[in-house]
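As a plain string of letters, each chain reads:
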Amino acid sequence: MRICTERGRKETWRRLADGELPWKALRARARVHDGIRAFFRERDFLEVDPPIAQAYPNIDPNIFPVKIADASGEAAPFYLHTSPELAMKKLLAAGSGDIFFLGKVFRDREGSPLHASEFTLLEWYRVGGDADAVMRDVEELVRTLARTIGGEAVVHGGGNRIPVDGPWPRWELDDAFRELLGAGMADEKALREALDRKGLRPGAGESWEDLFHRACLDVVEPALVERGTCFLTGYPTSLGAMARRRNGRPEVSERFEGFVTGVELVNGYEELTDPVEQEARLLALADHHRRSTGEALAVDPGFLDALRLGLPLCAGAALGVDRLVMLLLGKNDIADGMYR
C-alpha cells in the first residue's frame with residue numbers, strides 16, 4: 001500500500017521542487033472541508049474524532065484493513081480503521097445525538113483513479129432519521145459545495161456540467177437490473193444468462209454475489225453516466241450486513257448509493273438496531289470473510305455491547321471527499337486533488 005512510503009515522499013518533494021503541486025485543487029479542497037464542517041454544524045451535528053487504530057476492524061470481504069502492531073510486534077495487532085462506523089455507533093448508543101466525522105481512513109489493496117489506500121471520508125448519522133432524510137443531506141451538501149467551488153454544478157472530467165440544484169432521481173436497483181439486463185437482481189440463472197448475452201461471459205464457478213457485482217460494475221453503473229446525478233436504492237439484504245430490512249420486503253434493505261456521472265460518491269442506509277440479528281449477520285460475515293480471504297477477523301465485542309445497550313433508530317452515510325473534490329474540479333483522478 002502507499003502510505004508515507006519513501007517513493008511517495010520523494011515524489012511529493014519532486015513535485016514541490018518543480019512547482020507541480022496542484023495548489024488550485026488544494027485550496028478548493030480546503031474550502032470543501034470548511035464547507036462540510038459548516039454544513040453539519042449549522043444542523044447541530046457534533047463532530048467526533050474516534051481513534052484511527054482499532055483492535056477490531058470493520059468486516060467486509062471486499063475491504064482489506066491495514067494491520068499494525070506495537071514496537072515489539074508481539075502484541076495482538078491493531079488495524080487502521082477502514083471507516084469510523086463501529087466507533088460512531090458506540091457513541092450513538094451512549095446518547096451522542098447527531099454526529100459526523102471528517103478525516104482519514106485506510107484500506108489495503110486499493111489503487112486506481114478512484115481509489116487510494118489513504119483517503120478522506122465524511123461519515124454522518126441522523127438519530128431518528130431515515131434513508132430519505134440522509135439522501136436529502138447528500139443533495140443539499142453537494143449543492144452547497146458546488147456553489148462554493150463550481151457555481152451551480154459539478155463538472156465531469158469530460159467537461160460536462162452536471163446540475164445539482166434539485167432532487168436527485170432515484171432508481172430502484174431491481175428495476176435497473178430488469179431494464180438493463182432483462183433479469184431480476186436475485187435470479188442467479190437469469191442473471192448469468194443476461195450477462196452472457198451482454199458478452200461478459202461469467203465463469204461457471206462465479207457465485208450469485210460475483211454475478212451481482214459484475215452486473216453492477218459492468219452494466220448498471222456505466223448506464224448512470226448519462227443520468228447525471230442518481231440514487232440507486234433497495235440493495236439486497238445479504239449484501240448489507242448492517243442495514244435494516246425493508247418493511248414488507250425482507251430480502252431488500254433500506255440501503256442506497258449516490259452517483260454523479262457514474263462515479264459512486266456516497267453509500268448509506270438505515271441502521272439495523274436489533275442486537276440479535278446484527279450479531280448473527282456479523283458472525284456470518286466474518287465466516288464469509290475468512291473463507292474468501294483466508295484472514296480471520298473477530299467481531300468487536302464492544303460494538304455488540306453497545307447494540308445491547310440500545311442503538312437508537314438512525315440512518316447514516318459515508319461520502320468519499322476526494323471523489324467529490326475531483327468531480328467539483330472536473331478531474332478524472334482523485335490524485336489531482338490530493339497532497340501525497
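Here is a short report on the structure shown in this document. Computed from a predicted model, the values in this text were never measured in an experiment. (Residues numbered from 1 in each chain as written. Predicted model: local features only at pLDDT ≥ 70, side-chain atom pairs only at ≥ 80, totals over all residues. Heavy atoms only, no water.)

Here we come to the overall build of the chain. Per the secondary structure count, the chain includes 10 helices and 15 strands. Considering only contacts within the chain whose residues lie at least 6 apart along the sequence, 66% involve residues at least 24 apart. If you sum the accessible surface of the chain, you get close to 15,800 Å²; carbon and sulfur atoms cover 51% of it. (Helix = DSSP H or I, 4+ residues; strand = E, 2+ residues; numbered from the N terminus. Contact = heavy atoms within 4.5 Å. Areas by Shrake-Rupley, 256 points an atom, 1.4 Å probe, with all protein chains shown as cover.)

Strand order in the open sheet made by the three strands is 2-4-3, with antiparallel pairing throughout. Edge strands, defined here as strands with exactly one partner in the open sheet, are strand 2 (53-54) and strand 3 (66-68). Sheet topology places strand 3 next to strand 4 (residues 78-80); three bridges connect them, and they run antiparallel. Paired with Ile68 across the two strands is Phe78, which belongs to strand 4. (Pairing = 2+ DSSP bridges.)

This paragraph deals with the pattern of salt bridges. According to the stated counting rule, one finds 28 salt bridges in the structure shown. Put simply, Glu270 and Arg244 hold a salt bridge, and the shortest N to O gap is 2.6 Å. With a gap of 26 residues between them, Glu270 in strand 14 (residues 263-270) and Arg244 in the loop between strand 10 (229-233) and strand 11 (245-246) connect regions that are remote in the sequence. A residue is classified by how much of its surface remains accessible, and Glu270, at 10% relative accessible area, is buried. According to the relative accessible area criterion, Arg244 is partly exposed, its value standing at 23%. Arg246 is the salt-bridge partner of Glu254, the closest N and O atoms lying 3.2 Å from each other. Accessibility expressed as a relative area gives 17% for Glu254, which makes it buried. (Salt bridge = Lys/Arg side-chain N within 4 Å of Asp/Glu carboxyl O. Buried < 20%, exposed > 50% of the residue type's maximum accessible area, 1.4 Å probe, protein only.)

One open sheet accounts for eight strands, arranged 1-5-6-15-14-13-10-9; its pairing is mixed. Strands with a single pairing partner mark the edges of an open sheet, and in this sheet they are strand 1 (46-47) and strand 9 (170-172). Relative to strand 15 (residues 314-320), strand 14 runs antiparallel, the two sharing five bridges. When the bridges of strand 15 are listed, Tyr269 appears paired with Gly316.

What helix 9 (residues 301-310) keeps buried is the set Phe303, Leu304, Ala306 and Leu307. Here the buried residues of helix 9 occupy an arc of 155 degrees about the axis, which is enough to place them on one side. Among the structural elements, helix 3 (85-93) and helix 8 (275-293) are those in contact with the buried residues of helix 9. (Arc of directions from axis to C-beta.)

So, about the packing of helix 8 against helix 9. Two numbers describe how helix 8 lies on helix 9: the axes approach to 9 Å, and their chain directions differ by 160 degrees. Our classification of the angle between helix 8 and helix 9 gives roughly antiparallel. Note on packing geometry: the crossing formed by helix 8 with helix 9 is right-handed. In this structure, helix 8 uses Pro275, Gln278, Glu279 and Leu282 to contact helix 9, whose residues at the interface are Phe303, Leu304, Leu307 and Arg308. The residue inventory of the contact of helix 8 with helix 9, partitioned by class, reads five nonpolar, one polar and two charged. (Axes fitted to C-alpha atoms, helices over the stretch in contact; angles between N-to-C directions. Parallel < 35°, antiparallel > 145°, perpendicular 65-115°, else oblique. Left-handed = near helix turned anticlockwise from the far one by under 90°. Nonpolar A, V, L, I, M, F, W, Y, C, P; charged D, E, K, R; others polar.)

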